[in-house]
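Structure at a glance
Residue-level listing of the chains:
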Amino acid sequence: KLSLSGSVKANAKRAKQFFSKEIAEGIEAWGFGKGYEFIGDWTFQKENTEHTAKGLYLNGVITGKELEFKGFTWDHLSAIVNYTPYQAIISQLELMDKAGAIHIGNIAFTKTHTNDWAVNAPEITISNLKPSLLKDPSNLALVKPKPLTIKKIELHGLSGILGNANSFTGGGKLTFSNPLRKSI
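Reference entry: report on the structure contained in this document. Note that the coordinates shown come from a computational prediction; the quantities given were computed from them, not determined experimentally.

1. With respect to the sheet that holds strand 4 (residues 72–83)
Backbone hydrogen bonds are what pair the strands of a sheet, in a parallel or an antiparallel way. Taken together, the nine strands give an open sheet; going across it, the order is 1-2-3-4-5-6-7-8-9, and neighbouring strands pair in antiparallel fashion. Edge positions in the sheet fall to strand 1 (2–10) and strand 9 (164–177), since each of these pairs with one other strand and no more. Adjacent strand axes in the sheet meet at a mean angle of 15° when their direction is disregarded. Relative to strand 2 (residues 36–45), strand 1 runs antiparallel, the two sharing nine bridges. In the sheet register, G6 faces strand 2, and the bridge partner there is G40.

Dropping the structure here:
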């Protein structure tokens, strides 16, 4: 067993080579790129024991500034992470940007007996989302902002299997505004 404590700044695209195939595929699918920092404890369990499985264990905080996620650059990220080879729990996730904010109180990923990852998120809130303000990683000049604002998206009881979009279920509510342009 090898244990480390401290902080690591990473470009997730480059760091994916150090993770399992399934995590590397998730990094690619979700568009994780540069701008991340992990602060906490890393443990590499070299073999199975009575109480722990072989693999990577993480316990700490992930932060990010000007980070890449899902094809866009976001201003700020913070979340508490606890990862084992069979379960990942992310709590108090805040993803913030001029284009909007995402809050996830708790999201759990659990490895199933078929080696899929089941996802369960009791509550996800997206607020003040202005799609025209989302920035691509090249940070090209912003276009003139459009008036569409998604005031709030509330998702509840979201669950499914990673990699299988058709398996996801849940409920939600959407509130938006798209003010009329003034006539001159």
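Further notes follow.
2. Re the pattern of salt bridges
Inspection of the entire model under this criterion finds five salt bridges. Here D97 ties to K135 by a salt bridge, and the two come within 3.5 Å at their closest N and O atoms. In this pair, D97 is assigned in strand 5 (residues 87–97) and K135 in the loop between strand 7 (117–129) and strand 8 (149–161), connecting sequence segments 38 residues apart. Judged by its relative accessible area of 12%, D97 falls in the buried class.

3. Regarding the environment of G163
Looking at the secondary structure, you find G163 in the loop between strand 8 and strand 9. Separated by 46 residues in sequence, G163 and W117 have C-alpha atoms that sit 8.5 Å apart.

Thresholds applied
- Residues numbered from 1 in each chain as written.
- Predicted model: local features only at pLDDT ≥ 70, side-chain atom pairs only at ≥ 80, totals over all residues.
- Heavy atoms only, no water.
- Pairing = 2+ DSSP bridges.
- Helix = DSSP H or I, 4+ residues; strand = E, 2+ residues; numbered from the N terminus.
- Axes fitted to C-alpha atoms, helices over the stretch in contact; angles between N-to-C directions.
- Salt bridge = Lys/Arg side-chain N within 4 Å of Asp/Glu carboxyl O.
- Buried < 20%, exposed > 50% of the residue type's maximum accessible area, 1.4 Å probe, protein only.

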